[in-house]
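Examination of the molecular architecture
Residue-level listing of the chains:
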Amino acid sequence: MNDASPFLDLDPGGPRVSVRFDGTDHALPEGANLAAALLAAGVRVFRATPVSGAPRAPFCMMGACYDCLVLIDGVTRQACMTRVTDGLVVERAPGRDLHDG
Ligand code: FES
């Protein structure tokens, strides 16, 4: 767990599996919600909007807003609707280049 994250890991002693996000390996709780686990690991930006390039991260956590879109093993999916499994390769979804404002 990333100590700088404001999100809590609800099972800090539970089993971990390896998930790669944008080239960085993370040990995430097996079976956890992928969006929540990545947020707890310190990931802040999941995609950029296609028009302005504004950064986006999970918002609704129930499959409605699509702000958590990522590429999972090459397929665009909602991180909040995906469980953590060993060996996932996750990348930021394509969009316009990210900018800070
Ligand atoms: S956080 Fe809204 S769809 Fe995933």
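From a predicted model like this one, the values you see are computed outputs, not experimental measurements.

Looking at the sheet that holds strand 1 (residues 16–21)
On the basis of which strands lie adjacent, the open sheet formed by five strands has the order 2-1-7-5-6 and mixed pairing. The open sheet terminates on both sides in strands that have one partner only, identified here as strand 2 (24–29) and strand 6 (75–78). Taken over all neighbouring pairs, the strand axes of this sheet differ in orientation by 40 degrees on average, direction set aside. Pairing of strand 5 (residues 69–72) with strand 7 (residues 89–92) involves three bridges; the strand directions are antiparallel. Within strand 7, the residue paired with Ile72 across the bridge is Val90.

Regarding the pattern of salt bridges
Applying the stated criterion across every chain, the model contains four salt bridges. Linking Arg20 and Asp25 is a salt bridge whose minimum nitrogen-to-oxygen distance equals 2.8 Å. On the accessibility criterion, Arg20 (37% relative accessible area) is partly exposed. Here Asp67 makes a salt bridge to Arg56, at a shortest N to O gap of 3.8 Å. A residue pair is termed long-range when its members are at least 10 positions apart, and Asp67 in the loop between strand 4 (55–56) and strand 5 and Arg56 in strand 4 qualify at 11 residues.

Reading the values: the criteria
Residues numbered from 1 in each chain as written. Predicted model: local features only at pLDDT ≥ 70, side-chain atom pairs only at ≥ 80, totals over all residues. Heavy atoms only, no water. Pairing = 2+ DSSP bridges. Helix = DSSP H or I, 4+ residues; strand = E, 2+ residues; numbered from the N terminus. Axes fitted to C-alpha atoms, helices over the stretch in contact; angles between N-to-C directions. Salt bridge = Lys/Arg side-chain N within 4 Å of Asp/Glu carboxyl O. Buried < 20%, exposed > 50% of the residue type's maximum accessible area, 1.4 Å probe, protein only.

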